Every structure is written in structure tokens, then in C-alpha cells.
Amino acid sequence: MAKGKQEFQLQFKTQIDSENVKAELYFSKSKKTDMYFFNSYRVELPQKESRLFVSRKFHVNGNDRFTLKEAYNLLNGRSVHKNISNVQGNPYTAWFQLDSKTLDIHGNHKMLQFHENYGYDLEKQLQRFPIMEIRDDLNKKRILDSLRRGNRQLVTFFLSSGPEKLYLEALPRFKAVCIYNDQGIRQEFIDDRTKLDQKPSAKKQEQQRQIQIKSNRGGSGRHSL
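Throughout what follows, the structure given in this document is the object of discussion. (Residues numbered from 1 in each chain as written. Predicted model: local features only at pLDDT ≥ 70, side-chain atom pairs only at ≥ 80, totals over all residues. Heavy atoms only, no water.)

## Considerations on the sheet that holds strand β4 (residues 55–59)
For the record, the criterion: Strand pairing follows a simple DSSP-based rule, namely that at least 2 bridges must link the two strands. Each helix is a run of H or I in the DSSP string that is no shorter than four residues. Each strand is a run of E no shorter than two, and both are numbered from the N terminus. Angles run from 0 to 180 degrees between N-to-C directions of axes, and those axes are lines fitted to C-alpha atoms, restricted for helices to the stretch in contact.
Read from one edge to the other, the open sheet built from 4 strands follows the order β1-β2-β3-β4, with strand pairing classed as antiparallel. The sheet terminates laterally at β1 (7–16) and β4, the two strands that pair on one side only. Averaged over all neighbouring strand pairs, the angle between strand axes comes to 25°, with direction disregarded. Of the pairings in the sheet, the one linking strand β3 (residues 36–44) to β4 comprises 5 bridges and is antiparallel in character. When the sheet's bridge partners are listed, Y41 is paired in β4 with F58.

Written out as C-alpha cells, the structure is:
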């Protein structure tokens, strides 16, 4: 800045979810004053065989505004929910997810957008499963807010064998949620019960709670609820 450069960059390093994250911050000088503005940043994650996205540039203005943690979540293939506005200035909400197949003219992976009219109801999806935390309004709000920020959220499933900790991700593209065990292996659940809010007889309730876990820890898990 003291040298009067029109543009400059700063390097930033941190850890997110025990993983090293690098960011390059881009600044430019105003054409009318001596003020400098933070315009965009590029996030870079460590190379992994299973990782689809390693680096992308994010702007700090317009609808492409994401926090560093949200950018990290997007690069990990997860979806982020944002309040934005259209060209007329009308506000709306949408989910964002990086497109692994399409690049823009700058070499960035394009952003998929799922408008509120797309019909994805995250809360309704959670209600399909016996998640202990969503029984309480405050905890349910905390879980929903975390998933909307693109986090992989730890929750407790109530199974016949007792409580089990599992991880959730929002998946608006397919109007679903992804479920993972503590090893990061995707789990599939089949709900063979009737409505969760029913209160049948003790005998019937016990029959409905015969939940068998058929999870193959070496591959894709399959749980019967």
C-alpha cells in the first residue's frame, strides 16, 4: 500500500476441521481515492484422491459471497444455503453447490443454484429419521443452521441397540440428506416403521423399534430403522 500499487495479495493459512487451508486475498486500489478494497480470495485445500475440488476463487461482493468456512464446505462438495437477491433487488433464498463438470471462463467450477421454489425442505427430510436432537426446538434450530452453512453435522440416531452418533449433510440437489458414520462411510437407512409421532400400544411400539443395523463397516452401510 505504501508503494501505491494498484493491486496486491496477502497470504493466509489456517486449519478447518483439522485440515490445512490456504487462502490468497486479493486487494485493489480505488480509481478515485487512495483507499484499497478487498475484492476476492482464492481457497486451496490439500490434494486428496477422493476430492473433486482443490481450489476456487470466491468474490466478496454480489451473490458469490461466502465465508471461508462456507467456501471450505463447498470445496468439499457440500451445499450452502444463502439469503441473496436477484438483479431487481428482490430477496430470496437458495442452496449453492459447486458443479464438478463445468468451468467458467476464469477456470473456476461453476456454481449450481437451487432456488427456494425447487422444493427442498431440509427440516422435513430430517423428520424422516429418529434424530434425538430435533425433538427439542433449540437443538433443532442449531442443527438446521449448521447444515445450511454446509457443515457435516454430528447428530444422535436412536436405534434399537441404543443411541448412535452419525453425521449428516444437506443434499438439496436430490432433495435428501446424506448420512455418514464416524469413518466417513456413507450409510443407507430404510425406515420400516409408521409415523414417528404415533404412540401405539407397548407391544406394537416394541415391534416398531426392532431396528436392525446391517452396516458393512468396510463399505457402504445399510441400516434398517
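## Describing the environment of E44
Counted only if it meets this: Each residue is assigned to one of three classes by its accessible area relative to the maximum for its type, calculated with a 1.4 Å probe on protein chains only: buried under 20%, partly exposed between the two thresholds, exposed over 50%. Contact definition: two residues touch when any of their heavy atoms are within 4.5 Å.
Among the secondary structure elements, E44 is positioned in strand β3. E44 gets classed as partly exposed once you look at its relative accessible area, which sits at 39%. Once the C-alpha coordinates of E44 and A23 are considered, the two residues, 21 residues apart in sequence, prove to be 6.2 Å apart. In this structure, E44 is in contact with V21, K22, V54 and S55, ignoring residues within four places of it in sequence.

## A closer look at the packing of aromatic side chains
The criterion, for reference: Planes of paired rings set the category: under 30 degrees apart is stacked, over 60 is edge-to-face and the rest tilted, where pairs are Phe, Tyr or Trp rings (Trp by its six-membered ring) whose centres lie within 6.5 Å. Any Lys NZ or Arg CZ found within 6 Å of a ring centre and within 35 degrees of that ring's normal is scored as a charge over the ring.
For the structure on display, the rule yields 10 aromatic pairs. On the numbers, 4.9 Å between centres and 5° between planes, the contact of F8 with F27 is stacked. Note that F8 is positioned in strand β1 and F27 in strand β2 (residues 19–29), a separation of 19 residues in sequence. Pair check on accessibility: F8 and F27 agree, each one buried. Centroid distance F66 to F96: 5.6 Å. Interplanar angle 80°. Geometry classified as edge-to-face. One end of the pair, F66, is in the loop between β4 and α1 (68–75); the other, F96, is in strand β6 (residues 91–103), and 30 residues separate them in sequence. The pair F66 / F96 is uniform in exposure class, with both members buried. Each member of the aromatic cluster is reached from another via a ring pair, and the members are F8, F27, Y36, F38, Y41, F58, F66 and F96. Taking NZ or CZ as reference, R56 lies 5.2 Å from the ring centre of F58, over its face.

## Some points on the side chain of R78
Rules: We call two N or O atoms a polar contact when they sit within 3.5 Å, provided that within protein one can donate a hydrogen and the other can accept it, with sequence-adjacent residues counted only if both atoms are side-chain atoms.
Its place among the elements puts R78 in the loop between α1 and β5 (80–85). Overall, R78 belongs to the buried group, its relative accessible area being 8%. A polar atom in the side chain of R78 sits 2.7 Å from the backbone oxygen of G150. Here R78 is in contact with D17, Y72, N73, F96, Q97, G150, N151, R152 and E169, once residues within four sequence places are set aside.

## Side note on the pairing of strand β10 (residues 176–180)
It is a general feature of regular strands that their side chains alternate between the two faces of the sheet. Most of β10 is tucked away: 5 of the 5 residues are buried. Burial along β10 is two-sided: A176, C178 and Y180 facing one way and V177 and I179 facing the other are all buried. The sheet contact formed by strand β9 (residues 162–171) and β10 spans 5 bridges and is antiparallel. Looking across to β10, one finds that E169 is bridged to C178. Linking two consecutive strands that pair antiparallel, namely β9 and β10, is a turn of 4 residues; a positive phi of about 50° is found at K175 within it.

## A few points about the nonpolar core
How we decide: For our purposes a nonpolar core is just a set of buried Ala, Val, Leu, Ile, Met, Phe, Trp, Tyr and Cys residues, chained together by side-chain atoms within 4.5 Å.
Counting 20 residues, the largest nonpolar core has L122, L126, F129, I131, F157, L168 and I179 as the members making the most contacts within it. Apart from the residues lying within four places of it in its own chain, the contact partners of F157 are F129, P130, I131, G162, P163, E164, L166, L168, I179 and F189. V43, Y72, L75 and Y92 belong to the second-largest nonpolar core, a separate cluster that totals 18 residues.

## As for unusual backbone geometry
In the Ramachandran plot, D17 falls in the positive-phi region, its phi being about 50° despite a non-glycine side chain. Position of D17 relative to the elements: it lies in the loop between β1 and β2. Under the relative-accessibility criterion, D17 is labelled exposed at 52%. At K175, a position not held by glycine, the phi torsion is positive, near 50°. Assessed through its relative accessible area of 39%, K175 is described here as partly exposed.

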